[in-house]
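# Summary of the model geometry
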Amino acid sequence: MTTRYTLICEEPVCAYRLRELREKAGLTQSELAERIGVGQRQVSKIEHGDLDNAKIGTIRSYLEAVGGELSLEYMMGDQSMQVA
């Protein structure tokens, strides 16, 4: 079963939630990094809010590794459209 998480927030808060999700999944940064094919430093950067420099595929893999999924939504004013 895939869990849906909504991460609409400021970067430091999102980063904190990502760490919470990883810890809830019982994974260390190193274990998660190995599972998704990146270095531990990349996982740390993501969890510290450096999302602008992370590839979408890496963030997607991160979320899937902790039991979630990535959904991208375009928002403009009161209109929104799911793009992935």
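Bear in mind the structure is a predicted one, so any value in this text is a computation, not a measurement.

Thresholds, definitions, all that
Residues numbered from 1 in each chain as written. Predicted model: local features only at pLDDT ≥ 70, side-chain atom pairs only at ≥ 80, totals over all residues. Heavy atoms only, no water. Helix = DSSP H or I, 4+ residues; strand = E, 2+ residues; numbered from the N terminus. Buried < 20%, exposed > 50% of the residue type's maximum accessible area, 1.4 Å probe, protein only. Contact = heavy atoms within 4.5 Å. Areas by Shrake-Rupley, 256 points an atom, 1.4 Å probe, with all protein chains shown as cover. Pairing = 2+ DSSP bridges. Axes fitted to C-alpha atoms, helices over the stretch in contact; angles between N-to-C directions. Left-handed = near helix turned anticlockwise from the far one by under 90°. Nonpolar A, V, L, I, M, F, W, Y, C, P; charged D, E, K, R; others polar. Salt bridge = Lys/Arg side-chain N within 4 Å of Asp/Glu carboxyl O. pLDDT = per-residue confidence, 0-100.

## Regarding the overall build of the chain
Counting its regular elements, the chain contains four helices and two strands. The linear arrangement of helices and strands in the chain, starting from the amino end, is α-α-α-α-β-β. Taken over 84 residues, the chain has a buried fraction of 29%. Counting contacts in the chain only where the partners sit at least 6 residues apart, residues at least 24 apart contribute 46% of the total. Carbon and sulfur atoms form 48% of the exposed surface of the chain, whose accessible area is close to 5,900 Å².

## Some thoughts on the pairing of strand β2 (residues 79-82)
Strand direction decides the pairing type here: strand β1 (residues 73-76) and β2, joined by four bridges, are antiparallel. Bridge pairing in β2 links Glu-73 to Gln-82.

## Overview of the packing of helix α2 (residues 29-36) against helix α4 (residues 56-65)
The contact between α2 and α4 brings their axes to 10 Å, and the two run at 115°. Note on packing geometry: the crossing formed by α2 with α4 is right-handed. Across the interface between the two elements, Leu-32, Arg-35 and Ile-36 from α2 touch Thr-58, Ser-61, Tyr-62 and Ala-65 from α4. Broken down by class, the residue content of the contact of α2 with α4 amounts to four nonpolar, two polar and one charged.

## Re the pattern of salt bridges
All told, the structure shown has four salt bridges when counted by the stated rule. Salt-bridge contacts for Arg-17 lead to Glu-20; the nearest nitrogen and oxygen are separated by 2.4 Å. You can see Arg-17 and its partner Glu-20 sitting in helix α1 (residues 11-24), three residues apart, about one turn around the helix. Given a relative accessible area of 31%, Arg-17 falls into the partly exposed group. Note on Glu-20: relative accessible area 27%, which makes it partly exposed. With a closest N to O distance of 2.5 Å, Arg-22 and Glu-47 form a salt bridge. Here the residue Arg-22 occupies a position in helix α1, and Glu-47 occupies one in helix α3 (residues 40-47), the gap between them amounting to 25 residues. In this structure, Arg-22 and Glu-47 share a single accessibility class: buried.

## Describing the confidence of the model for the chain
Overall, the prediction assigns the chain a mean pLDDT of 83, with 82% of residues at 70 or greater. Predicted confidence in the chain is weakest over α1, with a mean pLDDT of 77, and strongest over α2, with 98. This model gives residues 5-11 a pLDDT under 50, and the stretch forms 10 contacts once residues within four places in sequence are excluded.

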